[in-house]
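Reading the structure
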Amino acid sequence: MSLLLGVNIDHVATLRQARYVTMPESPNAEPCPLQAALEARDGGADSITLHVRGDRRHIQEADAFVIREGVRLPLNLEMANTAPMVALAMRLRPEYVCLVPENRQEVTTEGGLDAAGQIDSLGPTIETLAAAGMKVSLFIDPDAEQVAAAATLGAPIVELHTGCFANAVGEAHRAELDRLVAAARLGQEHGLQVNAGHGINYQNITQLFYVPGLTEFNIGHTIVSRALAVGMTAAVREMKELMKRYPPKEA
Ligand code: PXP
């Protein structure tokens, strides 16, 4: 099966909130996350990802429900493991829930979920969401301990955090790629679906093609940035075009 692309549209809402946070009902409020999701779909997105944060800094609950209703694509809700967010997921019923760590001070998600250290609190959440038909993924650092914890917890999917890879330079870059390769292999040995996301862009994506057996990339910032120049549909289409090279012939 070809590599899937989940398009994260949070930063469309970031721009809207920068101006309209105090005027959510304004008819002038723009840009529109629903419109962006529809255009991403037209460009070939396989799913739409959004992160409803505890502080609601970008995507609002209302956006999530409008997109759920208006876009015929699987929805991936990224969320922290808290009771209010589990309650939201139970109302929204996305196809996928990706559990992520959340820290009020961070600009964007920093580091993966400590699945190994939170077995007791993650277990009941995964069970509740799975029983309601949602597929749960854990956003984890590419470490053996975290992959094993995801398998122990019975989460069917892991999303490997590619942020360290994206930020590394020189030798460290190579080491981070090796970490991702090893974690992906281990995940597959455990029978997990292995996705990847965070910090992936039009330049570094081809190096990630050396990570074997990936199912999906979740990409946001670079696509929304590119959309400023060429529009969302073309930006997504360009990314999908690059992704056709996966897996590379020599891998
Ligand atoms: N995957 C997860 C779990 C995320 O939290 C994010 C956003 O921080 C992304 C993927 C997309 O990252 P980016 O916007 O850097 O492409």
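Relevant structure appears above.
Here is a short report on the structure shown in this document. (Residues numbered from 1 in each chain as written. Predicted model: local features only at pLDDT ≥ 70, side-chain atom pairs only at ≥ 80, totals over all residues. Heavy atoms only, no water.)

1. Structural notes on the sheet that holds strand S1 (residues 4–8)
Reading around the barrel, the 8 strands line up as S1-S2-S3-S4-S5-S6-S7-S8 and close back on themselves, with parallel pairing between neighbours. Between one strand and the next, the sheet's axes are offset by a mean angle of 25°, whatever the strand orientation. Examined bridge by bridge, strand S4 (residues 96–99) and strand S5 (residues 135–140) share 4 bridges and lie parallel to one another. In the strand pairing of S5, Val97 is matched with Val136. (Pairing = 2+ DSSP bridges. Helix = DSSP H or I, 4+ residues; strand = E, 2+ residues; numbered from the N terminus. Axes fitted to C-alpha atoms, helices over the stretch in contact; angles between N-to-C directions.)

2. What about unusual backbone geometry?
Put simply, Glu30 and Pro31 share a cis peptide bond, and its omega is -5°. Note that Pro31 resides in the loop between helix H1 (10–20) and helix H2 (33–42). With an omega of -5°, the peptide bond between Tyr246 and Pro247 qualifies as cis. Of note, Pro247 is situated in the segment after helix H11 (232–243). Here the phi dihedral of Arg56 falls at roughly 50°; this positive angle occurs in a residue that is not glycine. Relative to the helices and strands, Arg56 is located in the loop between strand S2 (47–51) and helix H3 (61–70).

3. With respect to the pattern of salt bridges
Summed over all chains, the structure comprises 13 salt bridges. Arg41 is paired through a salt bridge with Asp42; the nearest N and O atoms lie 3.1 Å apart. The class for Asp42 is partly exposed, based on a relative accessible area of 44%. Notably, a salt bridge pairs Asp55 with Arg57, separated by 3.0 Å at the nearest N-O pair. Each member of the salt-bridge network shares a partner with another, and the members are Arg53, Asp55 and Arg57. (Salt bridge = Lys/Arg side-chain N within 4 Å of Asp/Glu carboxyl O. Buried < 20%, exposed > 50% of the residue type's maximum accessible area, 1.4 Å probe, protein only.)

4. Considerations on helix H5 (residues 119–131)
The end-to-end C-alpha separation of H5 is 18 Å, in line with the 18 Å expected for 13 residues at 1.5 Å each. Among all positions in H5, only Leu122, Gly123, Thr125, Ile126 and Leu129 are buried. Next to the buried residues of H5 lie strand S3 (75–79), helix H4 (83–92), S4, S5 and helix H6 (144–153). Of the residues flanking the end of H5, it is Gly133, one or two places downstream, whose phi is positive at about 95°. (Expected span 1.5 Å × (residues − 1). Contact = heavy atoms within 4.5 Å.)

5. A word on the pairing of strand S8 (residues 216–219)
Burial along S8 is two-sided: Glu216 and Asn218 facing one way and Phe217 and Ile219 facing the other are all buried. In this sheet, S8 lies alongside S1 in parallel orientation, the contact comprising 4 bridges. Paired with Val7 across the bridge in S8 is Ile219. Judged from the 3 bridges that link them, strand S7 (residues 193–197) and S8 form a sheet pairing that is parallel. Note on S8: the bridge partner recorded for Ala196 is Phe217.

6. Some details on the side chain of His161
Following the sequence through the fold, His161 ends up in strand S6 (residues 157–161). A relative accessible area of 6% places His161 in the buried class. Polar side-chain contacts of His161 include one of 3.2 Å to the backbone nitrogen of Gly111. (Polar contact = N/O pair within 3.5 Å; in protein donor to acceptor, adjacent residues only side chain to side chain.)

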